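Below, each chain spelled out in residue letters.
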Amino acid sequence: MRRKIVAGNWKMNGSKDLAQTLVGFVRSRIASLDNGVEVVIIPPAIYVGDVIGHAGDELSVGVQNVGQWGSGAYTGEISAEMAADQGCQYALIGHSERRQIFGETDTVVAEKVERVLAGGLYAVLCVGETLQDRDAGDAEAVVASQVRAGLATVAPDQWQRVIVAYEPVWAIGTGKTATAQDAQAMHASIRGVLSEMGAPADEISLLYGGSVKADNAAALFAEPDIDGGLIGGASLIAEDFVSICRSVPANI
Ligand code: PEP
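These numbers were taken from a predicted model, which means no experiment stands behind them.

Peer 1: Explain the sheet that holds strand E5 (residues 122–127) to me, please; I cannot follow it from the model alone.
Peer 2: Strand pairing in a sheet relies on backbone hydrogen bonds. The paired strands run either parallel or antiparallel. Taken together, eight strands build a closed barrel; the order of strands is E1-E2-E3-E4-E5-E6-E7-E8 and the barrel is parallel. Direction aside, neighbouring strands of the sheet carry axes that sit 25° apart on average. Note that strand E1 (residues 5–9) and strand E2 (residues 38–42) share five bridges and pair parallel. From the neighbouring strand, Ala 7 faces E2, where its bridge partner is Val 40. Seen against the sheet, helix H7 (residues 139–150) touches E5 and strand E6 (162–166) and runs at an angle of roughly 150° to E5. Against the sheet, helix H10 (residues 238–246) makes contact with E1, E2 and strand E8 (228–231), and its axis sits at roughly 160° relative to E1, the strand it touches most.

Peer 1: Explanation requested: unusual backbone geometry in the structure shown.
Peer 2: It is generally the case that most residues other than glycine have a negative phi and that most peptide bonds are trans. A positive phi angle is found at Lys 11, which is not glycine, with a value near 50°. On the secondary structure map, Lys 11 appears in the loop between E1 and helix H1 (16–30).

Peer 1: Where do I start with the packing of aromatic side chains in this structure?
Peer 2: In this description, an aromatic ring pair is defined by two values, namely the gap between the centres and the angle between the planes. If you walk through the whole model with that rule in mind, you get three aromatic pairs. Taken together, a centroid distance of 4.0 Å and an interplanar angle of 5° make the contact between Trp 69 and Tyr 74 stacked. Its relative accessible area of 34% is what places Tyr 74 among the partly exposed residues. Centroid distance Tyr 90 to Tyr 122: 4.9 Å. Interplanar angle 20°. Geometry classified as stacked.

Peer 1: Help me understand the site of the ligand, please; the structure alone is not making it clear to me.
Peer 2: As a structural note, the neighbourhood of the ligand is formed by 14 residues, with Lys 11, Glu 167, Gly 173, Ser 211 and Gly 232 the closest of them. At 2.6 Å from an oxygen atom of the ligand is found a main-chain nitrogen or oxygen belonging to Gly 173. Within the backbone of Ser 211, one N or O atom sits 2.8 Å away from an oxygen atom of the ligand.

Peer 1: I would appreciate a short explanation of the nonpolar core in the present structure.
Peer 2: The biggest cluster of nonpolar side chains holds 68 residues, and the ones touching the most others in it are Leu 151, Ile 190 and Leu 194. Among the elements that make up this core, the one with the highest residue count is helix H8 (residues 180–196) (six residues). The contact partners of Leu 151, leaving out residues within four places of it in the chain, are Val 113, Leu 125, Trp 159, Val 162, Val 164, Leu 194 and Met 197. Core analysis: the second largest hydrophobic core is formed by 12 residues, Ala 7, Val 40, Tyr 90 and Ala 165 among them.

Peer 1: Help me understand H1 in this model?
Peer 2: Since one α-helical turn is 3.6 residues long, residues separated by three or four positions face the same way. The end-to-end C-alpha separation of H1 is 21 Å, in line with the 21 Å expected for 15 residues at 1.5 Å each. Every buried residue belonging to H1 is among Ala 19, Leu 22, Val 23, Val 26 and Ile 30, and all of these are buried. Buried residues in H1, looked at end-on, bunch into an arc of 100°, giving them a common side. Against E2, helix H2 (48–55), strand E3 (59–63) and H10 lie the buried residues of H1.

Peer 1: How should the packing of H1 against H10 be read in this particular structure?
Peer 2: In a packed pair of helices, the relevant descriptors are the angle between the two axes and the axis-to-axis distance. At a minimum axis distance of 10 Å, the contact between H1 and H10 shows a crossing angle of 30°. Between H1 and H10, the interaxial angle falls into the category roughly parallel. For H1 against H10, the interelement crossing comes out right-handed. Facing H1, whose interface residues are Leu 22, Phe 25, Val 26, Arg 29 and Ile 30, H10 presents Ala 238, Glu 239, Phe 241, Val 242 and Cys 245.

Peer 1: It is not clear to me how the environment of Val 113 should be interpreted in this structure. Could you clarify?
Peer 2: As for its placement among the helices and strands, Val 113 is situated in helix H5 (residues 106–118). Spatially, the C-alpha atom of Val 113 lies 20 Å from that of Val 169, the residues being 56 residues apart in sequence. If we skip the residues at most four places from it in the chain, Val 113 touches Ile 93, Ala 123, Leu 125, Gly 150, Leu 151 and Val 154.

Peer 1: I tried to follow the side chain of Asn 9 on my own but got confused; where do I start?
Peer 2: With respect to the element layout, Asn 9 can be found in strand E1. Engagement of the side chain of Asn 9 in a polar contact is seen with the backbone nitrogen of Lys 11, the distance being 2.9 Å. The residues touching Asn 9, leaving out its near neighbours within four places in the chain, are Ile 42, Gln 64, Leu 92, His 95, Leu 230, Ile 231, Gly 232 and Ser 235.

Peer 1: How should I be thinking about the packing of H7 against H8 in this particular structure?
Peer 2: Where H7 meets H8, the axes come as close as 10 Å, and the angle between the chain directions of the two elements is 40°. The pairing of H7 with H8 is recorded here as oblique in orientation. When the axes of H7 and H8 are compared, the crossing they make is right-handed. Across the interface between the two elements, Ala 139, Glu 140, Val 143, Ala 144, Val 147 and Arg 148 of H7 pack against Ala 185, Met 186, Ser 189, Ile 190, Val 193, Leu 194 and Glu 196 of H8.

Rules of the game
Residues numbered from 1 in each chain as written. Predicted model: local features only at pLDDT ≥ 70, side-chain atom pairs only at ≥ 80, totals over all residues. Heavy atoms only, no water. Pairing = 2+ DSSP bridges. Helix = DSSP H or I, 4+ residues; strand = E, 2+ residues; numbered from the N terminus. Axes fitted to C-alpha atoms, helices over the stretch in contact; angles between N-to-C directions. Contact = heavy atoms within 4.5 Å. Phe/Tyr/Trp six-rings, centres within 6.5 Å; stacked < 30°, edge-to-face > 60°. Buried < 20%, exposed > 50% of the residue type's maximum accessible area, 1.4 Å probe, protein only. Near = heavy atom within 4 Å. Polar contact = N/O pair within 3.5 Å; in protein donor to acceptor, adjacent residues only side chain to side chain. Core = buried A, V, L, I, M, F, W, Y, C linked by side-chain atoms within 4.5 Å. Expected span 1.5 Å × (residues − 1). Arc of directions from axis to C-beta. Parallel < 35°, antiparallel > 145°, perpendicular 65-115°, else oblique. Left-handed = near helix turned anticlockwise from the far one by under 90°.

Quick look at the structure:
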């Protein structure tokens, strides 16, 4: 079902203390929001238990990555089933840092999406073009290809647990944000690709990510095909993150 979602990706940041103070603060503030936004905290896996302990029913929790295997001799990895076992509901897959730093290919991303969905979690597939792609006029084609490849194995009854986060690589952690119009155009294009794939495209939540801050979130979230955001740096600042959650309009 298409929902309004704001997810905070802590990346490799945080501590037990942050899990207590930030999650406690966010939880207390979002309880009074009436815009229907679902707020998800995505800490490093080692702090998932701490975050869940402070999240209550108000917040959902996710992991930033899972292995593409069920279990076994994969030192350092965690599985989708383990994340679900701990109480997570979401998993990010194919974040640009995973693709660029850890060399995750579209094939690996698709395997991970398959694991996440089989494990009963929501898969948040991250896609986005580089500046080079955009300058070459290839942004929509690159993103369309990542969507098709990453979601190639989704079964008809699994689309309801698919979310796509459009995150232009040049906007992540740079302070540069896509204009609301450019972001909307890409989201509409992604919805078109999902429709061509036979997915119930109007039911799938599409999030924008890339230097979303308290002062630019409202313009992005006002666009018709943007159903919320994936927030990196600003999700580590409690007041800013709450302000971003508050920026989701009640009518999308
Ligand atoms: C992210 O990590 O997914 C992200 C969008 O980061 P930032 O908000 O810091 O650009």
